[in-house]
Amino acid sequence: MAATGIAKGGGGWFSALALGVTLLKCLLIPTYHSTDFEVHRNWLAITHSLPISQWYYEATSEWTLDYPPFFAWFEYALSHVAKHFDQEMLNVHNLNYASAKTLLFQRFSVIFTDALFVYAVHECCKCIDGKKAGKELTEKPKFILSVLLLWNFGLLIVDHIHFQYNGFLFGLMLLSIARLLQKRHMEGAFLFAVLLHFKHIYLYVAPAYGIYLLRSYCFTANKPEPTASSLFPTLPFQAGPLPCILGSKLLGFVQCFGQSAVCHRLLSVEKAGDASIFLILTTTGHYSLFPLLFTAPELPIKILLMLLFTIYSISSLKILFRKEKPLFNWMETFYLLGLGPLEVFCEFVFPFTSWKLKYSFIPLFLTSVYCAVGITYAWFKLYVSVLTDPPVGKTKKQ
């Protein structure tokens, strides 16, 4: 039964994974939310209450509408559902309005729009090579990839605690990738263009798309069959060191990490080398998100969820590539283990020192620098892999 489900690219196990993470998201509804909650409430009010000509000029709140037009229309569409929950949230002058019904609506709007992300994950899993598939369902690349994407720790805490709509946007990007892997190049390019009109930060992924489309679609007579490895030979464009070094701007840092890590999950189940880079990148990047959740009730939640996701990621990929060399060398192992003492110092030691009042920035500084080192290392390691590994075509012939 499981094998049949895998062959079809889905099955009951995929639905169970999607339902399970959806229930977890519902449990996170009462948790802390950041100022982004008010940002999006204000955008709902602006697009619902004002004519289009004023959307980008309204400045009653400091959180002015600064996303591209498609996201503005996305908020406009949501506002017509929001009015059935609490009309007051759509008043531009109701600054910092957060009634219980408003909270429920905004939380459920993120959960509901994640349906696109779930569908995109399903489509990407169809493109994964199943040659490494083990006998057990949990050892199959498609199952592992589904868990790594659907139960992504970063998306869980950034979208469903901190509050954003990254799942919906990553869904567009993954669906675009899936269409390219399925040789539906025009659809893939169109979806990426749509994505850029939702959020401009994805613009720096454009060089990777442009180079791939030029090489594999525009200027090739006999177009090669695309794979995840051939689609992202230019992946380091997405995880450059500059955004990572600017760790104090953590939310921008989050976007840099998130896009790279989500794409790299596709590669992590195909090659051991990519799995190693993915694990370093995702573990370090996920820990860099910890300062976003600084309230006491969320401390055990973020620690537990990250531990569970990290343990699963490492153990599942070790099993998948058990016949190859270890995923980490001694230096990488030492670095990743160092995240534990760093967390103990930042959360449990520093608050009780005399430095807390005068040097309150120290935990964020240490976290930013430590994580920047790991992500920059992963970036360089990926570049070395891209430049030294044989081309995909030659590998297949061999």
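Residues numbered from 1 in each chain as written. Predicted model: local features only at pLDDT ≥ 70, side-chain atom pairs only at ≥ 80, totals over all residues. Heavy atoms only, no water.

### Describing the state of the cysteines
- On inspection of all chains with the given rule, the structure shows 0 disulfides.
- Of all cysteine sulfurs, the one in C346 lies closest to C371, which takes part in no disulfide; the gap is 9.4 Å.
- Since its relative accessible area comes to 0%, C371 is described here as buried. (Disulfide = S-S within 2.5 Å. Buried < 20%, exposed > 50% of the residue type's maximum accessible area, 1.4 Å probe, protein only.)

### Points about the environment of F328
- On the secondary structure map, F328 appears in the loop between α16 (299-320) and α17 (330-337).
- The class for F328 is buried, based on a relative accessible area of 15%.
- In the structure, F328 is positioned 52 residues away from S276 in sequence and 6.4 Å away in space, judged by C-alpha atoms.
- Apart from residues no more than four positions distant in its own chain, F328 is found in contact with S276, L279, I280, I314, T333 and L336. (Helix = DSSP H or I, 4+ residues; strand = E, 2+ residues; numbered from the N terminus. Contact = heavy atoms within 4.5 Å.)

### A look at the nonpolar core
- Counting residues in hydrophobic clusters, the biggest one holds 60 residues, and the most contacted among them are F71, F117, V121, L150, L174 and F198.
- One finds V21, L279, L339 and C346 within the second-largest nonpolar core, a separate group that totals 41 residues. (Core = buried A, V, L, I, M, F, W, Y, C linked by side-chain atoms within 4.5 Å.)

### Topic: helix α4 (residues 69-82)
- Helix length check: α4, at 14 residues, gives a terminal C-alpha distance of 20 Å against a target of 20 Å (1.5 Å per residue), a fit within 8%.
- Here α4 has its buried residues at F71, A72, F74, E75, L78, S79 and A82. What you see down the axis of α4 is that its buried residues fit within an arc of 155°, all on one side. (Expected span 1.5 Å × (residues − 1). Arc of directions from axis to C-beta.)

### Things to note about the confidence of the model for the protein
- Looking at the protein as a whole, the pLDDT averages 84, with 81% of positions reaching at least 70.
- A low-confidence stretch, residues 1-10 stays under pLDDT 50, and its non-local contacts, those more than four residues away or across chains, total 12 contacts.
- Here residues 232-252 scores under 50 on pLDDT; set against residues more than four positions off or in separate chains, the count is 52 contacts. (pLDDT = per-residue confidence, 0-100.)

### Here's the deal with empty space enclosed by the protein
- Here the structure, examined in full by the defined rule, presents 4 cavities of 30 Å³ or more.
- One number sums up the size of the second largest cavity: a volume of about 50 Å³.
- Considering the residues around the second largest cavity, the lining is formed by K25, D114, F117, L150, L155, L156, D159, H160 and G167.
- Of all the elements, helix α8 (residues 153-163) adds the most residues to the lining of the second largest cavity, at 4 residues.
- Of the residues belonging to the lining of the second largest cavity, the class tally is 4 nonpolar, 2 polar and 3 charged. (1 Å grid on protein atoms, 1.4 Å probe; cavity = no way out; pocket = protein on both sides within 12 Å on 5 of 7 lines; lining within 4 Å. Points joined across faces, edges and corners; volume = space filled by probe spheres on them. Nonpolar A, V, L, I, M, F, W, Y, C, P; charged D, E, K, R; others polar.)

### A word on the pattern of salt bridges
- On inspection of all chains with the given rule, the structure shows 9 salt bridges.
- Close ionic contact of R179 with E187 constitutes a salt bridge, the shortest N to O distance being 3.4 Å.
- Residue classification places R179 among the buried residues on the basis of a relative accessible area of 6%.
- The partly exposed category is assigned to E187, whose relative accessible area is 35%. (Salt bridge = Lys/Arg side-chain N within 4 Å of Asp/Glu carboxyl O.)

### Examining the packing of aromatic side chains
- If you walk through the whole model with that rule in mind, you get 29 aromatic pairs.
- With centroids separated by 5.4 Å and ring planes inclined at 55°, the aromatic side chains of W13 and F143 adopt a geometry described as tilted. In this pair, W13 sits in helix α2 (residues 12-27) while F143 sits in helix α7 (residues 141-150), placing the two residues 130 residues apart along the sequence.
- Look at W13 and you get buried, because its relative accessible area is 10%. (Phe/Tyr/Trp six-rings, centres within 6.5 Å; stacked < 30°, edge-to-face > 60°.)

### Remarks on the packing of helix α3 (residues 36-49) against α4
- Where α3 meets α4, the closest approach of the two axes is 8 Å, and the angle between their N-to-C directions is 85°. Of the possible angle classes, the one that applies to α3 and α4 is roughly perpendicular. Of α4, the residues touching α3 (which contributes H40, W43, L44, T47 and H48) are F71, A72, E75, Y76, L78, S79 and H80.
- Its residues assigned to classes, the contact of α3 with α4 shows 6 nonpolar, 5 polar and 1 charged. (Axes fitted to C-alpha atoms, helices over the stretch in contact; angles between N-to-C directions. Parallel < 35°, antiparallel > 145°, perpendicular 65-115°, else oblique.)

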